[in-house]
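# A closer look at the structure
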Amino acid sequence: MSKIVLHLVLTSISAALLVLSLVYYIVSVEKISHANESRSHSLLLAGELHQTSNDLTRMVRSYVATGDPKFKQSFKVVLGIRNGKIPRPNNMDMAYWDLKLANNQQPFDEKGGQPKAVALLKLMKQAGFTAEEFTKMEEAKLASDKLSITEQQAMLIIEGAAPVTDADRVKASTLLHDSAYYNAKALIMRPIHQFYTLVSTQTKKEIDEAEVVASRIQGGLTVIALLTALFTGLFIRELFHDRRVRSQTNQSLQHEIEQRRKIEGQLKETNIRFDFAMKGANADGLWDWNMLTNKVWFSPRWKSMLGYEEDEVSDGLHEWSDRVHPDDLESAYADIQAHVEGREDYYE
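Now for a description of the structure that goes with this document. The structure presented is a predicted model; accordingly, all values stated were derived computationally and were not measured.

With that out of the way, let us pick up helix 10 (residues 326-340). Look at helix 10: 22 Å from first C-alpha to last across 15 residues, which is about the 21 Å you get at 1.5 Å a residue. Among the residues making up helix 10, those that are buried are Ala332, Ile336 and Ala338. The buried side chains of helix 10 occupy one side of the element, clustering within an arc of 160° when seen end-on. Phi turns positive one or two residues past the end of helix 10, at Gly342, with a value near 85°.

This part is about the pattern of salt bridges. Overall, the coordinates contain nine salt bridges when judged by the stated rule. With a closest N to O distance of 3.5 Å, Asp98 and Arg58 form a salt bridge. Placement of Asp98 in helix 3 (residues 96-103) and of Arg58 in helix 1 (residues 3-66) is noted, with a sequence separation of 40 residues between them. Where salt bridges share partners, they join Asp55, Arg58 and Asp98 into one cluster.

It is at 9 Å that the axes of helix 5 (residues 131-160) and helix 6 (residues 166-175) come closest, and there the two elements cross at 180°. Taken together, the axis directions place helix 5 and helix 6 in an arrangement best described as roughly antiparallel. Between helix 5 and helix 6, the contacting residues are Thr150, Gln153, Ala154, Ile157 and Ile158 on the first element and Asp168, Arg169, Lys171, Ala172 and Leu175 on the second.

Rules used throughout
- Residues numbered from 1 in each chain as written.
- Predicted model: local features only at pLDDT ≥ 70, side-chain atom pairs only at ≥ 80, totals over all residues.
- Heavy atoms only, no water.
- Helix = DSSP H or I, 4+ residues; strand = E, 2+ residues; numbered from the N terminus.
- Expected span 1.5 Å × (residues − 1).
- Buried < 20%, exposed > 50% of the residue type's maximum accessible area, 1.4 Å probe, protein only.
- Arc of directions from axis to C-beta.
- Salt bridge = Lys/Arg side-chain N within 4 Å of Asp/Glu carboxyl O.
- Axes fitted to C-alpha atoms, helices over the stretch in contact; angles between N-to-C directions.
- Parallel < 35°, antiparallel > 145°, perpendicular 65-115°, else oblique.
- Contact = heavy atoms within 4.5 Å.

In structure tokens:
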């Protein structure tokens, strides 16, 4: 496997790991967000139980103090909504009854779709409360329902008096303000407070665990990202190196092709000259002296010009030198030496 292929494979693997780690990291962050949302929803439902208990107290006390039937009717509606007997307003929040009582409106006039009757404890189950958390909410609601009996007894005192005297109001009000009443309220609020502690502890645990996982993934993402960058850099470097090598190889091949063409051209030119020389030899004769072996090739024409047959002249240099006039021999050798040393282009 070549380096460029190896680096490409490593880059692809690290990139895939980077994507998977990123997805896992996003999932971990979403778990943290989900834990926070779940905690907020749980606290809102628990806060509604807390708020309904206070709303019942406020309404019964208002009824005892004023005798206004709207407070008694609102008291019954609060119980009915909490128990799933009356449709739940879509915009139910902590300020709901303050606004409704101030405007003297029924609590179901708001927009947002048809309200549905759902018990508060059922909503808590649907929200995924743990068994321990749900037990605390059941305990608080049971205490609130028990206290509502005392509150209804206070309203019956006012309803049964005709006319209502100050003594009647004091008697009813005493039921709503004595130590027994506040002890009963504490029985409601204590499990609610314990629920808040449970939710905070559980949520913190889930968030801490998710943050640890997210932190580890983040560290892994950093390492994988660095490896991906490294392998990508190596791949790019090898890619350019491969291209450079190919370019150099192509240039070398091109140079060899040009040299071969040049040699072929020179050879072609030499062959042409040789052909011309051979043709000329047919008229004037041709001889070739191998200075390494000191042997000479004499062309058939050269031999016939001197009146010899092919086999009558050997390949010795003396066949030429013996036929040169003694007076010309020294100058002939001088001309040959000048040609061999390159001082003359031709020897004739």
